[in-house]
Structures are given as C-alpha cells and as structure tokens.
Amino acid sequence: GAGVSQSPSNKVTEKGKDVELRCDPISGHTALYWYRQSLGQGLEFLIYFQGNSAPDKSGLPSDRFSAERTGGSVSTLTIQRTQQEDSAVYLCASSLAAGLHTDTQYFGPGTRLTVL
Amino acid sequence: GQQVMQIPQYQHVQEGEDFTTYCNSSTTLSNIQWYKQRPGGHPVFLIQLVKSGEVKKQKRLTFQFGEAKKNSSLHITATQTTDVGTYFCAGRPGTSYDKVIFGPGTSLSVIP
C-alpha cells in the first residue's frame, strides 16, 4: 500500500552541475506528472506520461530539462547545467489512468532542490 | 490554450467565518478535482465531481460543479485553523486523454 515516493528528499547542488530526481509511482498507475513549485507559488506543470503514448513535454521550461519513464513505472527528471532559478520543490504525482473517473492524482512528498 | 483560473488568490478570514473559492475554465471540463495543500506539505486529493450541477459535501466543505461544466466552487462553513492551506482545483478538458490542468490555487489563512 505504498504511495508515491520521491528521492532524494533534498538536493543541494552547485550551479552548472547536473541533477537527477526520481519518482516511484503507485504500482499500476499509468499516468504520471511532474510539477515544479516555487515557494508560495502554484503548481507549474512540467511533463505528463500516459501509458505508452508520447509524453506531453509542453511544460518543460528549457532544453536543460528532460524526463524518462522506464517500463511504465519509475520516472527520472534530469536537469542539466543547473541554474539558481531551478531551485524549487519538484513534485511527482501518479493517477490510475487518464479518464473521467481515474484522474485522482496522488502526490509524492517532493524533492527540494537548492542550486547554490 | 486551455486555462483554469481561481479566485481569489488569497483570502484571510476570522475563525468561524465562511470561505468560498471559485474555479473557472476556458473550456468545458469532463471532471473537476479539488486538492488541499497544507503549508510545507504536498497536495492531497479532496474530492472529484463529474456530473453537471453536481453538489457534494464533506462535513463543513461543500463542492459544486457548474451546469455548463466550466466552473466549480468550494465553500467552507465556519472555518477552523485546521482549514489553513492552499486549495487547488484541477480538471480534464473535454473528453481527451490529455493532461489534467491545475488552477493556480487559493491560499486561505484563518485568524484565530
């Protein structure tokens, strides 16, 4: 009965370094979302995976950001050449499927990224 | 593009007062969900509405989905300090399998 897990919970890195953030969704959930949330702000959509469909990458802020979802389960969000403005909490959420009654999103605890 | 808006952005109420947040979409939604995020926490699902004109209640919280399925509201009766947080609405535009779109949220502060 595990929920969505994310690792690491905190990441401090130096400007210019690459970082990888991991999300383990709830088993069997075919939809997975990544969001970014700066302090006191709303949820900024980054990328959406649904089953075997091509991911919706329309929210990625630059080509330094990329994400993969292997085997329809674990997802990694990679940020290359990190900048200070990348500092935020990165949240992952999964839902059973894309559909009328299956859209409930279950959020992980987030990864707090600090770029020095 | 498709947008989901919420008003107000912030609301400060005295404990015991009522609170309402409104969610409006630029397109028809097939469903609407409401989430609550406590300070320092992550969003947690509250409820989903699917039918036109649907009203659901959870204790002091009343959720409504508009007849045209383009707007929704969350009303809290007699707020308590435990209601503090940010309330987000989210909806699926049309009947596609595209992503669910979140509103920007309404931040509620309750003064004891």
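Before reading further, recall that the structure is shown in the block above.
Each value, and the rule that gives it
Residues numbered from 1 in each chain as written. Chains lettered and ligands numbered in written order. Predicted model: local features only at pLDDT ≥ 70, side-chain atom pairs only at ≥ 80, totals over all residues. Heavy atoms only, no water. Pairing = 2+ DSSP bridges. Helix = DSSP H or I, 4+ residues; strand = E, 2+ residues; numbered from the N terminus. Axes fitted to C-alpha atoms, helices over the stretch in contact; angles between N-to-C directions. Disulfide = S-S within 2.5 Å. Buried < 20%, exposed > 50% of the residue type's maximum accessible area, 1.4 Å probe, protein only. Contact = heavy atoms within 4.5 Å. 1 Å grid on protein atoms, 1.4 Å probe; cavity = no way out; pocket = protein on both sides within 12 Å on 5 of 7 lines; lining within 4 Å. Points joined across faces, edges and corners; volume = space filled by probe spheres on them. Nonpolar A, V, L, I, M, F, W, Y, C, P; charged D, E, K, R; others polar.

A. Main features of the sheet that holds strand S3 (residues 19-24) of chain A. Residues and elements named next belong to chain A. The strand order across the open sheet built from four strands is S1-S3-S7-S6, with neighbouring strands paired in antiparallel fashion. In this open sheet, the two strands that pair with only one neighbour each are strand S1 (5-7) and strand S6 (65-69). Sheet twist, expressed as the average angle between the axes of neighbouring strands with direction ignored, equals 15°.

B. How the structure looks around the state of the cysteines. Overall, the coordinates contain two disulfides over all chains when judged by the stated rule. Here A:Cys23 is linked by a disulfide to A:Cys92, with a sulfur-sulfur distance of 1.8 Å. On the S-S bond that ties A:Cys23 to A:Cys92, the torsion sits near -60°, and the link is left-handed. Here A:Cys23 is found in strand S3, whereas its partner A:Cys92 is found in strand S8 (residues 88-95), with 69 residues between them in sequence. By relative accessible area, A:Cys23 is classed as buried at 0%. Assessed through its relative accessible area of 0%, A:Cys92 is described here as buried. The side chain of B:Cys23 participates in a disulfide bridge whose partner is B:Cys89; the two sulfur atoms lie 2.0 Å from each other. Disulfide B:Cys23-B:Cys89: the torsion about the S-S bond is 75°, which places it as right-handed. Within this pair, whereas B:Cys23 is found in strand S3 (residues 19-25), its partner B:Cys89 is found in strand S9 (residues 85-93), the two being separated by 66 residues in sequence. The class of B:Cys23 is buried, set by a relative accessible area of 1%. The class of B:Cys89 is buried, set by a relative accessible area of 0%.

C. Inspection of the side chain of A:Arg36 at higher detail. All names here are of chain A. Position of Arg36 among the secondary structure elements: in strand S4 (residues 31-37). Given a relative accessible area of 10%, Arg36 falls into the buried group. Apart from the residues lying within four places of it in its own chain, the contact partners of Arg36 are Gly42, Leu43, Glu44, Leu46, Pro61, Phe65, Glu85, Asp86, Ala88, Val89 and Tyr90.

D. Quick peek at the layout of surface pockets. In this structure, the largest pocket spans a volume of roughly 780 Å³. When contributions to the lining of the largest pocket are tallied by element, the ones reaching two or more residues are S8 and strand S10 (111-115) of chain A together with S9 and strand S11 (106-111) of chain B. In terms of residue class, the lining of the largest pocket is made up of twelve nonpolar, 23 polar and two charged. As a volume, the second largest pocket reaches approximately 240 Å³. Lining the second largest pocket are 13 residues, with B:Lys36, B:Arg38, B:Leu46, B:Thr82 and B:Tyr87 positioned closest to its centre. When the residues that make up the lining of the second largest pocket are grouped by side-chain class, the tally is four nonpolar, four polar and five charged.

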